[in-house]
Amino acid sequence: GKKKPPKGVQIVSALQPNGWAVELALPLGEVPGFHPGTPDLAFSLAAYDCDSKARLATERTIDTVGRLRFAAGASALDGFLKDRHLQPSDIFWSRPVRLGRGSGARVLLAKNYLAAITDEYVYISLPFSGRAEVKDVRLADLSGDGRQAVVIRYTERGSAGAREILAVFRVEGEQIDRVFAAEVGKSQGAAHLDDKVSFLRRGRATDILIEAGAAVGFTEATWREAPAEDVIPVLLPWGDDRRARYQFHGDVYQRK
């Protein structure tokens, strides 16, 4: 139409025996969602077949969507899957993530692994068996500095029952660090206790709010669980401490 093409875009085309060949070049810095280290980009493409010999009219439109994979990122993903004896079908969650300072990556969950893919890969093993144990997973800029963290709520199972953990992970260079972890649920058989988790915006930052939830099958008289020592203990509906709000400053959090 009458719209000017985006700045820096170059297009060349050539007639072929069966159609056209088209090449498109554009600055990656102008592409929304691109950061150095990003292994792939989402795209949508629309092709319009027009009759220009007579009155210009669109005869047919072809649409497609997908991902553009950079060679280094594709090689790193393949290397991770091969290293951990995984198949592409084992990946059940995957998102581009901002790492700050103009850098990015793709983070993914595959079985019990959390991995970050750039032109290399880094991963950690998580204490659950797979997709069925993950209740929620999201990206959040917790400290408001442009870096996104991976926040996962998952179930850990043991011989005496199970517990739900809310954990925060950050990608830092060649490693993935867990910078926060709290119990947000407990269960034994049919009895269970579920805390409420909310994410509250604070300017550019996001706070984590945990509130004591309802207990089914548990009472103050029958509760025999000792407070967790490896993570922040679960909040109890009959306790004095029923609400906790956590604010992040870099990788350090404070309770407010």
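Residues numbered from 1 in each chain as written. Predicted model: local features only at pLDDT ≥ 70, side-chain atom pairs only at ≥ 80, totals over all residues. Heavy atoms only, no water.

A.B. asks: Is there a simple way to think about the overall build of the chain in this case?
C.D. replies: Of the regular secondary structure elements, the chain holds 1 helix and 18 strands. Computed over the C-alpha atoms, the radius of gyration of the chain is 24 Å, more than 25% above the 18 Å expected from 2.2 N^0.38 for a compact globule of 256 residues. Overall, the chain is about 85 × 40 × 35 Å in size when its C-alpha atoms are taken along their principal axes. Counting across all 256 residues of the chain, residues that qualify as buried make up 38%. Here the contacts in the chain between residues at least 6 apart in sequence split such that 46% fall between residues at least 24 apart. Mean positive and mean negative side-chain charge positions of the chain (36 and 33 charges, respectively) differ by 6 Å. (Helix = DSSP H or I, 4+ residues; strand = E, 2+ residues; numbered from the N terminus. Rg over C-alpha atoms; globule rule 2.2 N^0.38 Å. Buried < 20%, exposed > 50% of the residue type's maximum accessible area, 1.4 Å probe, protein only. Contact = heavy atoms within 4.5 Å. Lys, Arg positive; Asp, Glu negative; His and termini not counted. Charge placed at Lys NZ, Arg CZ, Asp CG, Glu CD.)

A.B. asks: Would you explain the sheet that holds strand β7 (residues 113-117) in this entry?
C.D. replies: Ordered by their spatial adjacency, 4 strands build an open sheet running β5-β6-β7-β8, and the pairing between neighbours is antiparallel. Only two strands of the sheet have a single neighbouring strand rather than two, namely β5 (91-100) and β8 (121-125). For this sheet the average axis-to-axis angle between neighbouring strands, irrespective of direction, equals 20°. Examined bridge by bridge, strand β6 (residues 103-110) and β7 share 5 bridges and lie antiparallel to one another. (Pairing = 2+ DSSP bridges. Axes fitted to C-alpha atoms, helices over the stretch in contact; angles between N-to-C directions.)

A.B. asks: Got a minute to help me understand the sheet that holds strand β9 (residues 134-140) in this structure?
C.D. replies: What links the strands of a sheet is backbone hydrogen bonding, and the strands pair in either a parallel or an antiparallel sense. Strand order across the open sheet formed by 6 strands is β9-β10-β11-β12-β13-β16, with antiparallel pairing between neighbours. This sheet does not close on itself; its edge strands, each paired only once, are β9 and β16 (215-216). Here strand β12 (residues 175-188) pairs with strand β13 (residues 191-194) via 4 bridges, running antiparallel. Residue pairing for β13: Q188 is matched across the bridge by A191.

A.B. asks: Looking at this structure, how should I read the environment of F248?
C.D. replies: Inspection of the secondary structure puts F248 in strand β17 (residues 243-249). Taking C-alpha positions, F248 is 7.1 Å from D207, a pair spaced 41 residues apart along the chain. When near neighbours in sequence (up to four residues on either side) are disregarded, F248 contacts L142, S143, V168, V179, F180, R202, I208 and Y253.

A.B. asks: How should I be thinking about the pattern of salt bridges in this particular structure?
C.D. replies: Between side chains of opposite charge, pairing is possible as soon as their charged atoms come close. Tallied over the full model, the rule gives 21 salt bridges. Residue D145 pairs with R147 through a salt bridge whose shortest N-O separation is 3.0 Å. Residue classification places D145 among the partly exposed positions, given a relative accessible area of 39%. Note on R147: relative accessible area 12%, which makes it buried. Between R163 and E156 there is a salt bridge, with the nearest N and O atoms lying 2.9 Å from each other. With respect to burial, R163 and E156 carry one shared label: buried. (Salt bridge = Lys/Arg side-chain N within 4 Å of Asp/Glu carboxyl O.)

A.B. asks: Which parts of the structure should I look at to understand the environment of W223?
C.D. replies: Topologically, W223 is positioned in the loop between β16 and β17. The spatial distance from the C-alpha of W223 to the C-alpha of P88 is 43 Å, given a sequence separation of 135 residues. Those residues in contact with W223 that sit more than four places away from it in its chain are K186, L193, F218, V234, L236 and W238. Looking at W223, its side chain comes within polar contact range of the main-chain oxygen of E225, at 3.4 Å. (Polar contact = N/O pair within 3.5 Å; in protein donor to acceptor, adjacent residues only side chain to side chain.)

A.B. asks: What should I look at first to understand the side chain of R163 in this one?
C.D. replies: Looking at the secondary structure, you find R163 in strand β11 (residues 161-172). Here D230 takes part through its side chain, which lies 2.7 Å from a polar atom of the side chain of R163. Not counting residues within four places of it along the chain, the set of residues in contact with R163 comprises Y154, T155, E156, E183, G185, K186, A228, D230 and V231.

A.B. asks: Looking at this structure, how should I read the pairing of β8?
C.D. replies: In regular strands, side chains alternate between the two faces of the sheet. Bridge analysis of β7 against β8 gives 5 bridges, and the strand direction is antiparallel. Bridged to I117 within β8 is Y121. Hairpin connection, β7 to β8: the antiparallel pair is bridged by 3 residues.

A.B. asks: For this particular structure, what's the right way to read helix α1 (residues 71-83)?
C.D. replies: An α-helix turns once per 3.6 residues; consequently, residues spaced three or four apart project the same way. Here α1 contains 13 residues, and its C-alpha end-to-end distance of 18 Å stays within 8% of the 18 Å for a straight helix at 1.5 Å per residue. Turning to α1, its buried residues are G73, A74, A76, L77, F80 and L81. The buried residues of α1 all sit within an arc of 160° when viewed along its axis, so they share a single face. Seen from the open side of α1, the exposed residues pointing more than 90 degrees away from its buried face are A71, S75 and K82. If you follow the buried residues of α1, they end up packed against β4 (57-69), β5, β6, β7 and β8. Of the residues trailing α1, H85 is marked for its positive phi of about 55°. (Expected span 1.5 Å × (residues − 1). Arc of directions from axis to C-beta.)

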